[in-house]
Amino acid sequence: MSMLKKIDPALSWLIGGRRQTASQLLLLPASAWLACFMLAPIALLFVVSFAQRGDYGAISWTFTLKNYARSIDPRYFPVLMRSALYASTTTAVCLALGYPLAYFISFYVDKHKNLLLLLLMLPLWTSCTVEIYAWIIILGREGLINSLLTQIGLIDEPLRLLNRPFAVLIGLIHTYFPFMVLPLYSSLEKLPKAYIEASKDLGGGPWATLWRVTFPLTLPGVFAGCMLTFIPCMGDFLMAEFLGGPSTYLVGNLIQNQFLTAQDWPFGSSLSVLLIAVMMAGLYLQQTLEKKHASW
Amino acid sequence: MTGSYLLELKNIHKSFDSHRVLNDVSLQIREGEFLTLLGPSGCGKTTTLRIIGGFEQPDSGEVYLNGARVTHLPPYRRNVHTVFQHYALFPHYNVFENVAFSMRLKTLPPQTIEKEVKDALSLVALSGFEKRKVSQLSGGQQQRIALARSLVGKPSLLLLDEPLGALDLKLRESMQLELKKIQQKLKMTFVYVTHDQQEALTMSDRIVVFNHGRIEQCGPAREIYEKPASSFVADFLGNANILAATLLEILPGSRAEILLEGEIKLKVPCAEALPVAAGQRLCVAIRPEKIQLHSGPSQDASKVSLPCVLNDVVYLGSSARVLLSPFSGCAKTIQATVVKYGRSGADSAGGLNGTAPGGTIWAQLDGDDILLLPPESDS
Amino acid sequence: MLTRRAFVKSGLSVLVLPNLLAACSKKEETGVVNFFNWSQYIGKRTLETFKQSSGIRVQYSLYGDEDEMFSKLRTGIQGYDLIVATDYMLPKLKALNLIDPMPHDRLQNMGNLDPTFQSPDFDPNLDHTVPYLWGTTGIAYNRRYIKKTPDSWWNLWDKSLSGKISMLDNRRDGLSCALLMLNLPIDSSDPRHLNRAKELLLEQKPVLKHYTSTTDENALVSQDVWLAMGWNGDVVRAAADNANLDFTVPKEGSFIWTDFLCLVHGSKRRTEALLLIDHILKADVAAEIVNSIIFATPNLKARPLIAPSIAGDDRIFPDALTMKRLRFYALLSGEAEALWNRVWQEVKIG
């Protein structure tokens, strides 16, 4: 319930039956939209996850927990671990690259702030396909990097860059980088500069100030950025599909294959429900931390 | 020369986006002094403080601290601490960690840190607050913690940027005295920024009055009040009435004769070196409390009486402010302070005698209370 | 093009749009038929000539792989009248009632077809289908890097070519091939057999660059891949962009697949769909399709009209000796199909 409130106050009104006001009525279309296109599919997914797969992928409506048992089968464990590894590596790299960048834009850029932010958001506006294609051109055997390295004589044989974990990570980092930088940037912007001055005033050099003041005070942004990067990364399948190789099969691919290839909707649903549950738990954790932060 | 001062500013210039904020500011501060930078907002006093603290770099000019040039040193390389206007206490640390911050950076032994924090908290009368969160403190308590945090590193100089601005009047007045007491007890040098003349007069050994990025006057509090060097200073400290006058003649015995408002001749005391020569225009200042009100012209030859229309009376509690328009045609309104306003039977001494707004009243001036000032510049 | 699959999945395909719009509007159009086909799987002029001869406009939609087509049909995206489906999909489509019987009496040109294609296992007597095109699965390779013609599936397991090999990403091709190499029945539903096939495929994984849903044309042309499991016509077509590419059928044998035209269940434009099928069955039209996309046709009457370079290419029309090594894919029961799915999944996650 508290989770729902967070998602949409109007929704809680719908459910909770509060007194109707004009402002709440204004939220009705958005709530209806959310209910139809977000809650209903998730509910459907939840229902299907307890059904059985019939011949040739038909859904047979007999209640079973088999799908969940199969979902937590140890043989799928490596896939989950692999996904978690890719997602956390992506998150870590995005944070390591994103924090300095957000810091730079927030503190050192004066005139071209908006332009830089705009450029930063480009991956959000670019079609995934274009991004993937671009990376294939860059990383391919006869791609940009290999041609360059061959021409300056650094290598004789083209390096194998594509269809490796490296390429998947590059794709993931590229795609989800804005999700990390934007919350970091906004929390750095909101940080009163007086705290930084106070630290410097009391003898804190740039590093001491960063570690003892700036970073701890922007932790809400760091948490939000990490969540916004990690969660979609956990479900991503496009990068693994097109930039990855045989060893980069992720949870997203597993789920996608249940729906598209194996036609095992119940199993795919149970995997999805579990993934959503884990993400919700993560979000809840993040919000708890944020609340703790807000009470300072 | 430079070595004899704790801090010295030499010919500081500073502009923001072609807007000149400081124009040739030079200043010396002695060890153990309580110096106040006073002026209206935008006069450059805070920028001066930030240049001393190292948060801004001057466009030209130098800053010397203990004889060493520190003009371009970052704040963390100067043994100068600041109490910020809104305290800037770290919200993610408790009181103890806030106070201990500068010592943690120096990685002092824990016992030392504990002792120093304890001493600092007892100095600001907040012993036992170590574990409190910053958000649990009142404004006054936050102010004290900010002070303790800045004092604990034993800086050679403490900068205070309108530290009492956010407090209510009563708390502010008690903190003024307390700050002064702490400063005297620790024999530390304080540079204090405020726009409140009362605060400046209460606490300071010396006051520097800023106006439009320049130092208008610098001197002991009493001297600034009693001998303002310009009409701006006279007005800013004590709301003096500024009137136009012409210097008629310089008399022996440090006195001069002036023509006030084009018709009243008056003998006034003057300094040896007058800013203008005989026959030239100048300004005079009269403090509101030095003007006496009577229902008729004065009989005393040494005093001057100006017939005025009583415009308004502003009740101030312990006193009242009377606004007058002289008959002489002077455009300016004159303000007079009446101390015993409203007390029955006492009005006859210096009061209004029941004169209502719109009625006529005589403002009586003593030539000895009139201050000669250079003519007002247009700036 | 990235891959056909990515193209369609990304939702960029503008070709799908008018079709969806048509599906939304209530007004029935009589002069229109909705055709859902593999991408790059029709002649350059086929639809145009149909419009000229019948006055019916074809709203043409593409899919990147059959799983996608199947999912779209299944989720009830309405509006398709005619689809192309590969043989092994037919039992599924019939079981889930997604296609309707084919009224052969309303097709004048059925007689043009090769009688050998009249009774495939998947749809005896062609009750629900009309054969469209056929091809073979084999090994695509780059002659510049692979000097000796790869004559065995084992070549796809060659550790010295690690990272230069790609494999088709579907249970049918993958598992059938492994069963063939292990000399096990290719229609096996015995978990032990399939387990051995799985082990073999897992052994191959480290040498693979990636799995692809269709022939790895792009990587073959760019020489990122030197050896790939693929479909004959795709490879011959790709050879136009890279002359080093060639196609061969391994000695262990391989598979023939056939794609069929099927009537979508519930379609309201049955007459128009049948007219289009009949049009495609015309000898000259069938030949034009082959000349455009270089896959073999079951249309006997069209053979003389096919460009000699294609008609004489034994990679497209295999000789009798090769034909002996080729067979149809196994027809799987629903239960076996589920098992195959599961085993293939385990290969992928391994």
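Residues numbered from 1 in each chain as written. Chains lettered and ligands numbered in written order. Predicted model: local features only at pLDDT ≥ 70, side-chain atom pairs only at ≥ 80, totals over all residues.

## Focus: the sheet that holds strand β14 (residues 281–286) of chain B
All names here are of chain B.
Alright, step 1. What the 5 strands build is an open sheet, ordered β13-β12-β11-β14-β20; its pairing is antiparallel. Strands with a single pairing partner mark the edges of an open sheet, and in this sheet they are β13 (264–269) and β20 (371–373). Sheet twist, expressed as the average angle between the axes of neighbouring strands with direction ignored, equals 45 degrees.
Alright, step 2. Across 6 bridges, the pairing between strand β12 (residues 255–260) and β13 is antiparallel. Looking across to β13, one finds that Ile 258 is bridged to Leu 266. (Pairing = 2+ DSSP bridges. Helix = DSSP H or I, 4+ residues; strand = E, 2+ residues; numbered from the N terminus. Axes fitted to C-alpha atoms, helices over the stretch in contact; angles between N-to-C directions.)

## Considerations on the interface of chain C and chain A
Alright, step 1. Taken together, the contacts link 28 residues of chain C with 33 residues of chain A.
Alright, step 2. Elements that contribute at least two residues to the side of chain C that touches chain A include exactly α4 (66–74), α5 (90–95), β7 (208–212) and α14 (334–349) of chain C.
Alright, step 3. At 8 residues, α14 of chain C tops the list of elements feeding residues into the side of chain C that touches chain A.
Alright, step 4. Taken together, the residues that form the side of chain C that touches chain A break down as 10 nonpolar, 9 polar and 9 charged. (Contact = placed C-beta atoms within 7 Å. Nonpolar A, V, L, I, M, F, W, Y, C, P; charged D, E, K, R; others polar.)

## With respect to the interface of chain B and chain A
Alright, step 1. Counting residues at the interface gives 22 residues for chain B, matched by 15 residues for chain A.
Alright, step 2. Counting residues per element, the ones that place at least two in the side of chain B that touches chain A are β6 (80–83) and α2 (95–105) of chain B.
Alright, step 3. When residues in the side of chain B that touches chain A are grouped by element, the largest group, 3 residues, is from α2 of chain B.
Alright, step 4. When grouped by side-chain class, the residues that make up the side of chain B that touches chain A number 11 nonpolar, 8 polar and 3 charged.

## Quick notes on the environment of Val 33 of chain C
Alright, step 1. Inspection of the secondary structure puts Val 33 of chain C in strand β1 (residues 32–38).
Alright, step 2. For Val 33 of chain C, the contacting residues outside a window of four places in its chain are Ile 56, Val 58, Asp 81, Leu 82, Arg 269, Glu 272, Ala 273 and Leu 276 of chain C.

## Some remarks on the arrangement of the chains
Alright, step 1. Counting contacts across all 2 pairs of chains that touch, the top-ranked interface belongs to chains A and C.
Alright, step 2. As for chain C relative to chain B, no contact occurs, and the smallest C-alpha gap between them is 45 Å.

## What about the packing of helix α7 (residues 191–204) of chain C against α14 of chain C?
Residues and elements named next belong to chain C.
Alright, step 1. Relative to each other, α7 and α14 sit at 25 degrees, their axes nearing to 9 Å. Judged on the interaxial angle alone, α14 and α7 are roughly parallel. Regarding α7 and α14, the two cross each other, and that crossing is right-handed. Along the contact surface, α7 presents Pro 191, Leu 194, Lys 198, Leu 201 and Leu 202, while α14 presents Leu 339, Trp 340, Val 343, Glu 346 and Val 347.
Alright, step 2. Along the lines of polarity and charge, the residues of the contact of α7 with α14 split into 8 nonpolar, no polar and 2 charged. (Parallel < 35°, antiparallel > 145°, perpendicular 65-115°, else oblique. Left-handed = near helix turned anticlockwise from the far one by under 90°.)

## Notes on helix α1 (residues 45–53) of chain B
Residues and elements named next belong to chain B.
Alright, step 1. For α1, a buried count of 8 out of 9 residues is recorded, marking the element as mostly surrounded by other parts of the structure.
Alright, step 2. Listed in full, the buried residues belonging to α1 are Lys 45, Thr 46, Thr 47, Thr 48, Leu 49, Ile 51, Ile 52 and Gly 53.
Alright, step 3. Just beyond α1, the residue with positive phi is Gly 54, at close to 95 degrees. (Buried ≥ 20, exposed ≤ 12 C-beta atoms within 10 Å, placed from the backbone.)

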